[in-house]
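# Structural features, examined
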Amino acid sequence: MTYRILNRAGIIACLVVCVSCAQIALMSVTPVIAMLASELDRDTASAIVDLEKKQDWPGMLRLARLQLQREPGRADWWFLQGYALGRQGKHAEAILSYEAALRISPEDQRSWLSLGQSQSELGQTERAIRTYRQALRYRPESGWAYLALGISTRSRV
């Protein structure tokens, strides 16, 4: 009986999450921005999603920096700054932002994956591989980290 109740509760929880994800996915944003937006207040999330849709990376960077002035200890804003910098091809600067996010929130998968991506973009394949392995230490179930590690390892050969 208890198993059935927990099973039903799990199914309902999954449906709620799936509906939320579907609403964000319909907005045509990248998964990391959709994940970030789902954790923020409605106005801020909407602003970020709009900037993503428009590919307004300087605008996103301004928003991230404004938020960092208000909440410098929040990893989300360091991640967003890194993301906006990376989208502008400023990967060395993005790396610094992702590293700041990870000092605050070491288990943040978005930051680990994005850090590895920026390292790869700069030709730092070995660093990216170490980064993805570190991500897997925090989240061993991360399919995205395994995929990125496999791609990086293959490109090294």
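The residue count restarts for each chain, going from 1 along the sequence in the order it is written. Confidence filtering applies because this is a predicted model: local features only for residues at pLDDT of at least 70, side-chain atom pairs given and counted only at 80 or more, and all residues used for totals across whole chains, interfaces and linings. Hydrogen atoms and water are omitted, and side-chain values are computed over all heavy atoms in the structure.

## A look at the nonpolar core
As a rule of thumb, soluble globular proteins bury nonpolar side chains together. For the record, the criterion: The definition of a nonpolar core used throughout is a set of buried Ala, Val, Leu, Ile, Met, Phe, Trp, Tyr and Cys residues joined through side-chain atoms within 4.5 Å. Exposure classes here rest on a 1.4 Å probe applied to the protein chains alone. A residue is buried below 20% of its type maximum, exposed above 50%, and partly exposed in between. Labels follow the DSSP assignment, with helices taken as runs of H or I lasting at least four residues and strands as runs of E lasting at least two, numbered in each case from the N terminus. The contact definition used throughout considers only heavy atoms, calling two residues in contact when any of these lie within 4.5 Å.
Counting residues in hydrophobic clusters, the biggest one holds 37 residues, and the most contacted among them are I33, I48, M60, L80 and Y83. Every element with two or more residues in this core is listed here: α2 (31-37), α3 (42-54), α4 (57-70), α5 (75-87), α6 (91-104), α7 (109-121), α8 (125-138) and α9 (143-156). Residue contacts for M60: discarding those within four places in its chain leaves I33, I48, L51, E52, L80, Y83 and A84.

## Observations regarding the side chain of T131
As for its placement among the helices and strands, T131 is situated in helix α8. Judged by relative accessible area, T131 falls into the buried class, the value being 6%. For T131, the contacting residues outside a window of four places in its chain are W112, L115, G116 and Q119.

## Some details on the pattern of salt bridges
Heads up, the rule is: Whenever Lys or Arg places a side-chain nitrogen within 4 Å of a carboxyl oxygen from Asp or Glu, that contact is recorded as a salt bridge.
As enumerated under the stated definition, the model contains 7 salt bridges in all. Between R110 and E39 there is a salt bridge, and its shortest N-O distance comes to 3.2 Å. Linking R110 in helix α7 with E39 in the loop between α2 and α3, this pair joins segments that are 71 residues apart in sequence. The shortest N-O distance in the salt bridge between D108 and R110 comes to 3.4 Å. Side by side, D108 and R110 carry an identical accessibility label, which is buried.

## Quick look at the packing of aromatic side chains
Quick reminder of the rule: Paired rings are identified among Phe, Tyr and Trp, the last through its six-membered ring, by centres lying within 6.5 Å, and are further divided according to the angle between planes into stacked (under 30 degrees), edge-to-face (over 60) and tilted (the rest).
For the structure on display, the rule yields 4 aromatic pairs. Their ring planes at 25 degrees and their centres at 5.9 Å tell us that W112 and Y138 sit as a pair that is stacked. Of this pair, W112 sits in helix α7 while Y138 sits in helix α8, and the two are 26 residues apart along the sequence. Of the residues examined, Y138 reaches a relative accessible area of 38% and is grouped as partly exposed.

## Observations concerning the packing of α3 against α4
The condition is simple: The angle between two axes is taken between their N-to-C directions and runs from 0 to 180 degrees, where each axis is a line fitted to C-alpha atoms and a helix contributes only its stretch in contact. An angle below 35 degrees is treated as roughly parallel, one above 145 as roughly antiparallel, one from 65 to 115 as roughly perpendicular, and anything else as oblique. Left-handed describes a crossing whose near helix is turned anticlockwise from the far helix by less than a right angle; the clockwise case is right-handed. All amino acids are sorted into three groups, where Ala, Val, Leu, Ile, Met, Phe, Trp, Tyr, Cys and Pro are nonpolar, Asp, Glu, Lys and Arg are charged, and the leftover types, Gly among them, are polar.
Taken N-terminus to C-terminus, the directions of α3 and α4 make an angle of 155 degrees; their axes are 8 Å apart at the nearest point. The angle between α3 and α4 places the two elements in the roughly antiparallel class. Here α3 runs over α4; the crossing is left-handed. The residues of α4 that touch α3, namely those facing T44, A47, I48, L51 and E52, are W57, G59, M60, L63 and Q67. Residue composition of the contact of α3 with α4, grouped by class: 6 nonpolar, 3 polar and 1 charged.

## Structural notes on the environment of A94
Looking at the secondary structure, you find A94 in helix α6. When its relative accessible area of 0% is taken as the criterion, A94 is described as buried. Once residues lying within four places of it in the same chain are set aside, the contact partners of A94 are G82, L85, G86 and S118.

## Remarks on α7
Keep this limit in mind: Working rule for helices: expected span equals 1.5 Å times residues minus one.
For α7, with 13 residues, the first-to-last C-alpha span of 18 Å sits near the 18 Å given by 1.5 Å per residue. Within α7, 10 of the 13 residues are buried, which leaves it mostly tucked inside the rest of the structure. Taken as a whole, α7 has its buried residues at Q109, R110, S111, W112, L113, S114, L115, G116, S118 and Q119. Looking one or two residues past α7, G123 carries a phi angle of roughly 80 degrees, positive in sign.

## Section: α6
Since the α-helix turns once every 3.6 residues, residues separated by three or four places project in the same direction. The terminal C-alpha atoms of α6, which comprises 14 residues, lie 20 Å apart, in line with the 20 Å expected from a rise of 1.5 Å per residue. Three or more residues of α6 are buried, namely H91, A94, I95, S97, Y98, A100, A101 and L102. In this fold, the buried residues of α6 make contact with α5, α7 and α8.

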